[in-house]
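Per-entry structural report
Given next are the chains, with one letter for each unit.
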Amino acid sequence: MRTRPGVRALQYVAVVCYLVFLGFPLLWLISSSLKSPQEFATITPSLLPKHFDVSNYSDALNEQGLVRGLGNSLQISIYSTILVLIVALPVSYALARFRSRLRPLTNGWILVSQVFPVILIVIPLFMILRPLHLTNTIPGVVIVYMVWSLPFALWMLQGYVAAVPRELEEAASVDGAGRIRTIVSIVMPLLRPGLIATAMFTFISAWNEFFFALVLLQDPELKTLPLVLARFVGAEGQVQFGPLAAASVLATVPSLVFFAFLQRRLTSGLLSGAVKG
């Protein structure tokens, strides 16, 4: 059934409006990072800066330790993402394929764990990590981020595993492949989009997280990027709008690069494991 030209035009208009809606905050942020302090003091703000001022970027890089915070956040996010994928893949496969009495309890725990506010668990979490000497350390924050992201990752991957036809695994078993060989050669290629989506969610969640890092990290050398951005707000509530906007732009770039690198692989490999070699 062919789509009418009028309907197709409305679809394009809706897509354009949605893209403008999503891109306008980023455009305003980039524009603000190039404005001078005098422009922020005007009563009627303008979308584009009247005079481009790149000193905000130098102030953000030189005075606030932004590069160090960016490196800490990048390190924590990558390690958290890798650990979540390593743990979530076999567990989600077991939840989707093996029937047991523990499965409803496990799925219930996954859902309930997403309901608790962070503020209710941060103090008990701190009391658990302190005797283990994991407070004020990068490994401690990585473990916390992994545990916090794991329930949602399990829920996502479980749906992807359930969508893989069992007939493919049965065919591999008939050909003599064991369980591990079947998972590696048949299931994992089909789960590539799910693994990439889970990696994106885990990375962005760790990259933007603020509260856990605020409680667990006291050493200025270990501060993550969100904690560094908070320094642009003074003790009396005075905000350095220009450097803050410039630092926010720089903080957005790694996540955009990470997403752009992985989004091309979201659809690849959907059927790569379905053909026997």
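Numbering of residues starts from 1 in every chain and runs along the sequence as written. For this predicted model, a pLDDT threshold of at least 70 governs which residues receive local features, and a threshold of 80 or more governs which side-chain atom pairs are given and counted, while totals over whole chains, interfaces and linings are taken from all residues. Computation of side-chain values covers all heavy atoms of the structure but excludes hydrogens and water.

**Details of the overall build of the protein chain**
Just so we agree on the cut-off: Numbering of helices and strands runs from the N terminus, with a helix taken as a DSSP run of H or I at least four residues long and a strand as a DSSP run of E at least two residues long. For the radius of gyration, the atoms used are the C-alpha atoms, and the globule rule reads 2.2 Å times the number of residues raised to 0.38. Only protein chains enter the accessibility calculation, which uses a 1.4 Å probe. A residue is then buried if its area is under 20% of the maximum for its type, exposed if over 50%, and partly exposed in between. In this analysis, two residues are considered to be in contact whenever any of their non-hydrogen atoms come within 4.5 Å of each other. With residues, only the protein chains shown are counted as cover, and all accessible areas are computed by Shrake-Rupley using a 1.4 Å probe. For the purpose of charge, His is not counted, nor are the chain termini; Lys and Arg are scored as positive and Asp and Glu as negative. By convention, the charge on Lys lies at NZ, on Arg at CZ, on Asp at CG and on Glu at CD.
Along the protein chain, the regular secondary structure elements total 13 helices and zero strands. Listed by position from the N terminus, the elements making up the protein chain come as α-α-α-α-α-α-α-α-α-α-α-α-α. Since a compact globule built from 277 residues should have a radius of gyration of about 19 Å, the 23 Å found for the protein chain marks it as more spread out than a globular shape. Taken along the three principal axes of its C-alpha coordinates, the protein chain extends 75 × 65 × 35 Å. Buried positions account for 37% of the 277 residues belonging to the protein chain. Contacts in the protein chain between residues far apart in sequence, at least 24 positions, make up 74% of those at least 6 positions apart. Roughly 16700 Å² of accessible area belongs to the protein chain as shown, and the carbon and sulfur atoms make up 70% of that amount. Taken as two groups, the 20 positive and 12 negative side-chain charges of the protein chain have centres that lie 15 Å from each other.

**Focus on the nonpolar core**
Rules: For our purposes a nonpolar core is just a set of buried Ala, Val, Leu, Ile, Met, Phe, Trp, Tyr and Cys residues, chained together by side-chain atoms within 4.5 Å.
Membership of the largest hydrophobic core comes to 19 residues, with the highest contact counts inside it found for Ala88 and Leu191. Mapped onto this core, the elements with two or more residues apiece are helix H4 (66-97), helix H7 (138-163) and helix H9 (179-190). Excluding anything up to four places from it in sequence, Leu191 contacts Leu89, Tyr160, Val161 and Val164. If you look at the next biggest cluster of nonpolar residues, it comprises 16 residues, including Leu129, Val141, Tyr145 and Leu222.

**A few points about the packing of aromatic side chains**
For clarity, the cut-off: Geometry of aromatic contacts follows a simple scheme: Phe, Tyr and Trp rings, the Trp one being its six-membered ring, pair when their centres are within 6.5 Å, and the pair is stacked under 30 degrees between planes, edge-to-face over 60, tilted otherwise. Here, a charge over a ring means that NZ of Lys or CZ of Arg falls within 6 Å of the ring centre while also lying within 35 degrees of the ring normal.
Throughout the structure, instances matching the rule amount to four aromatic pairs. On the numbers, 4.4 Å between centres and 40° between planes, the contact of Phe152 with Phe201 is tilted. Taken together, the residues span a long stretch of sequence, with Phe152 in helix H7 and Phe201 in helix H10 (residues 192-208) at a distance of 49 residues. Note on Phe152: relative accessible area 32%, which makes it partly exposed. On the accessibility criterion, Phe201 (29% relative accessible area) is partly exposed. Above the face of the Trp28 ring, Lys35 is positioned so that its terminal group lies 4.8 Å from the ring centre.

**Quick word on the layout of surface pockets**
Here the idea is plain: a probe the size of a water molecule rolls over the atoms and shows the empty space left. We count it as follows: The method works on a 1 Å grid over the protein atoms by themselves. A cavity is a set of points holding a 1.4 Å probe that cannot get out, a pocket is an open set with protein on both sides within 12 Å along at least five of seven lines, and residues with an atom within 4 Å of a point line them. Grid points are joined across faces, edges and corners, and a volume is the space filled by probe spheres set on the points.
One number sums up the size of the largest pocket: a volume of about 370 Å³. Taken together, 15 residues form the lining of the largest pocket, with Ile121, Leu125, Val147, Trp148 and Phe212 sitting closest to its centre.

**Points about helix H13 (residues 241-263)**
Defined as follows: In a helix, the anticipated span is given by 1.5 Å times the number of residues less one.
In this model H13 runs 32 Å from its N-terminal to its C-terminal C-alpha over 23 residues, within 8% of the 33 Å that 1.5 Å per residue would give. By the burial criterion, the buried members of H13 are Gly242, Pro243, Ala245, Ala246, Ala247, Ser248, Val249, Ala251, Pro254, Ser255 and Leu262.

**A closer look at the pattern of salt bridges**
Convention followed: Put simply, a salt bridge is a Lys or Arg side-chain nitrogen that is within 4 Å of an Asp or Glu carboxyl oxygen.
Under the counting rule described, the total for this entry stands at one salt bridge. Put simply, Glu221 and Arg68 hold a salt bridge, and the shortest N to O gap is 3.4 Å. Taken together, the positions of Glu221 in the loop between helix H11 (211-216) and helix H12 (225-230) and Arg68 in helix H4 put the pair 153 residues apart, joining distant regions of the chain.

**Side note on the packing of H4 against H7**
Using the following cut-off: Note on geometry: axes are C-alpha line fits, over the in-contact stretch for helices, and angles between N-to-C directions span 0 to 180 degrees. Take the far helix as your reference; a near helix turned counterclockwise from it by less than a right angle gives a left-handed crossing, and one turned clockwise gives a right-handed crossing. By the convention adopted, Pro, Cys, Tyr, Trp, Phe, Met, Ile, Leu, Val and Ala count as nonpolar, Lys, Arg, Asp and Glu as charged, and the other residues, Gly among them, as polar.
At a minimum axis distance of 6 Å, the contact between H4 and H7 shows a crossing angle of 35°. Crossing handedness for the pair H4 and H7: right-handed. Considering only residue class, the contact of H4 with H7 consists of 22 nonpolar, five polar and one charged.

**Digging into the environment of Ala162**
Take Ala162: it is sitting in helix H7. Along the backbone, Ala162 and Pro124 are 38 residues apart, and their C-alpha atoms lie at a distance of 35 Å. Non-local contacts of Ala162, meaning those with residues more than four positions away in its chain, are made with Ala96 and Arg97.

**Some remarks on the environment of Tyr79**
Note that Tyr79 resides in helix H4. For the pair formed by Tyr79 and Phe203, sequence separation is 124 residues and the distance between their alpha carbons is 9.1 Å.

**Overview of the confidence of the model for the protein chain**
Short version of the rule: Every residue gets a pLDDT, meaning the predictor's confidence in that residue, from 0 to 100.
For the protein chain, the average pLDDT comes to 81, and 91% of its residues sit at 70 or higher. The model gives residues 269-277 a pLDDT under 50, and that stretch makes 16 contacts with residues more than four places away or in other chains.

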